[in-house]
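One letter stands for each residue in the lines below.
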Amino acid sequence: MIDSDPLGFIAALAAMTVTVYLSRAGGYWLIGRFRIGPRLRRMLDALPGAIIASALAPLLLHDGGRAGLALGAAAATMVILRNDFAAVLAGVAVAAAAFALGL
Amino acid sequence: MTHQTPPASPRWTLDAFRHGVWSMLPLLPGLAAFGMAFGTVTARKGFSLLDTLLMTGSVFAGMAQMIVMDNWPARLTVAAIAGTAAITALVNLRFLLIGATLRPWLETSPSLKVYPTLFFLTEPNWLLSMRYRSDGGNDPAFLLGSGVIVYVVWVLSAVPGYWLGAAVGDPHAFGLDLVVPAFFMAMLVTLWRGKRPAIAWLVSGGVAIAADWLFGSFWYLIAGALAGGIVGGFVDD
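Description of the structure in this document. (Residues numbered from 1 in each chain as written. Chains lettered and ligands numbered in written order. Predicted model: local features only at pLDDT ≥ 70, side-chain atom pairs only at ≥ 80, totals over all residues.)

### As for the overall build of chain A
Looking only at helices and strands, chain A features three helices and zero strands. Its helices and strands taken in sequence order, chain A reads α-α-α from the N to the C terminus. Computed over its C-alpha atoms, the radius of gyration of chain A comes to 21 Å, more than 25% above the 13 Å expected for a compact globule of 103 residues. Dimensions along the principal axes, computed over C-alpha positions, put chain A at roughly 50 × 50 × 25 Å. (Helix = DSSP H or I, 4+ residues; strand = E, 2+ residues; numbered from the N terminus. Rg over C-alpha atoms; globule rule 2.2 N^0.38 Å.)

And the structure:
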């Protein structure tokens, strides 16, 4: 299917590549057309936490106990040690242990 | 746009680039596992290794690539290609918001540096860069370095994944599927600024769960992010 249609494959890749790049650069470009006032600034500042919460909440709901334990361990480790590496390691270790226990 | 005299452009140094690379270290095992999984998927779908590397090296968007692979059209008609681009756009819509947050930091830098750097924008290196900035860092080469290392690992890890195929094993068994979520959790801890700003997170999470239930797929990310951003803009009042 791919070897028979190299032109189509390249066209699909080009379409995807351009689309992805536009999404990466487009927001930066577009917001430059506006004046960033204090309100807009606060909205932008709130986005990192908002995106993380949006990514994690459904995961916690679907993946239940295992993800909850792992993310709880990562958060607790981060609060105590303030170290990214330790937090990720704790999360992964707890996830692996929970998997082994059949959670 | 701005009417004051523009502040001096921040310097882009090799030191900050290296700092960015090293900061990504905790995430690299998870990224490599994800990249290998992508290589395995393309191998099973009958793509050549060259095709796999071409896609992963040019598109460079993990979630979009995985979803497109799942729905790869049997025949690449113009309509099928347009549909592929539409799915890609939908999955990556959230990057419009992510890119916007970089404006205050990068707008004093030359476009010739900023726009190539944006090619390497991913969620993890964006979050790390936001923290780097709130810790007082101001060198945009940090963003570039942390993005380039993600790119290198993402592209290279597809190769062993392609060859090993199913031998990779179950990433769940080693908890590798939760590396990125655990990292997100750690970032959330560093973003904590008291209870009031966290109201926006609760709203985001609630809206994301509702949107996930109502529309499924990836709408929840956009809906949750937008809701949290809007609430975050008003919550201090």
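From this point, the narrative continues.
### Comments concerning the interface of chain A and chain B
Contact with chain A, which involves 62 residues of that partner, is made by 77 residues of chain B. Elements supplying a minimum of two residues to the side of chain A that touches chain B: helix H1 (6-31), helix H2 (38-81) and helix H3 (84-100) of chain A. Here the side of chain A that touches chain B gets 27 residues from one element, more than from any other, and that element is H2 of chain A. Here the side of chain A that touches chain B is built from residues that sort into 45 nonpolar, ten polar and seven charged. (Contact = placed C-beta atoms within 7 Å. Nonpolar A, V, L, I, M, F, W, Y, C, P; charged D, E, K, R; others polar.)

### Let's talk about the nonpolar core
Side chains of a nonpolar character, in soluble globular proteins, are inclined to be buried together. Within the largest apolar cluster, 101 residues are counted, with the highest numbers of intra-cluster contacts made by Ala70 and Ala74 of chain A together with Ala182 of chain B. Residue contributions to this core peak at 17 residues, all from H2 of chain A. When residues of this core are sorted by domain, at least three fall in each of domain 1 (14-173) and domain 2 (192-237) of chain B. The residues touching Ala70 of chain A, leaving out its near neighbours within four places in the chain, are Gly91, Val94, Ala95 and Ala98 of chain A together with Gly175, Leu178 and Ala182 of chain B. (Core = buried A, V, L, I, M, F, W, Y, C linked by C-beta atoms within 7 Å. Buried ≥ 20, exposed ≤ 12 C-beta atoms within 10 Å, placed from the backbone. Domains from an automatic or database assignment.)

### Overview of the packing of H1 of chain A against helix H6 (residues 94-101) of chain B
Taken N-terminus to C-terminus, the directions of H1 of chain A and H6 of chain B make an angle of 50°; their axes are 6 Å apart at the nearest point. Judged on the interaxial angle alone, H6 of chain B and H1 of chain A are oblique. Along this stretch, H1 of chain A crosses H6 of chain B, giving a crossing that reads as right-handed. Where H1 of chain A approaches H6 of chain B, its residues Ser23, Arg24, Ala25, Gly26, Gly27, Tyr28, Leu30 and Ile31 of chain A are matched on the opposing element by Phe95, Leu96, Leu97, Ile98, Gly99 and Ala100 of chain B. Grouping the constituent residues of the contact of H1 of chain A with H6 of chain B by class yields nine nonpolar, four polar and one charged. (Axes fitted to C-alpha atoms, helices over the stretch in contact; angles between N-to-C directions. Parallel < 35°, antiparallel > 145°, perpendicular 65-115°, else oblique. Left-handed = near helix turned anticlockwise from the far one by under 90°.)

### Describing the environment of Thr84 of chain B
By secondary structure assignment, the location of Thr84 of chain B is in helix H5 (residues 78-92). Along the backbone, Thr84 of chain B and Trp72 of chain B are twelve residues apart, and their C-alpha atoms lie at a distance of 7.7 Å. With residues near it in sequence (within four places) discarded, Thr84 of chain B still touches Ala12, Ala15 and Met16 of chain A together with Val68 and Pro73 of chain B.

### Let's talk about unusual backbone geometry
Positive phi is not limited to glycine here, since Arg82 of chain A has a value of about 55°. Inspection of the secondary structure puts Arg82 of chain A in the loop between H2 and H3. Unlike most non-glycine residues, Phe60 of chain B shows phi in positive territory, near 50°. For Phe60 of chain B, the location among the structural elements is in the loop between helix H3 (49-58) and helix H4 (62-70).

### Focus: the packing of H1 of chain A against H3 of chain B
For the pair H1 of chain A and H3 of chain B, the least separation of the axes is 9 Å and the interaxial angle reads 20°. Relative to H3 of chain B, the element H1 of chain A is oriented roughly parallel. For the pair H1 of chain A and H3 of chain B, the crossing hand works out as right-handed. Taking contact as the criterion, the partners of Phe9, Leu13 and Thr17 of chain A in H1 of chain A are, on H3 of chain B, Asp51, Leu54, Met55 and Ser58 of chain B.

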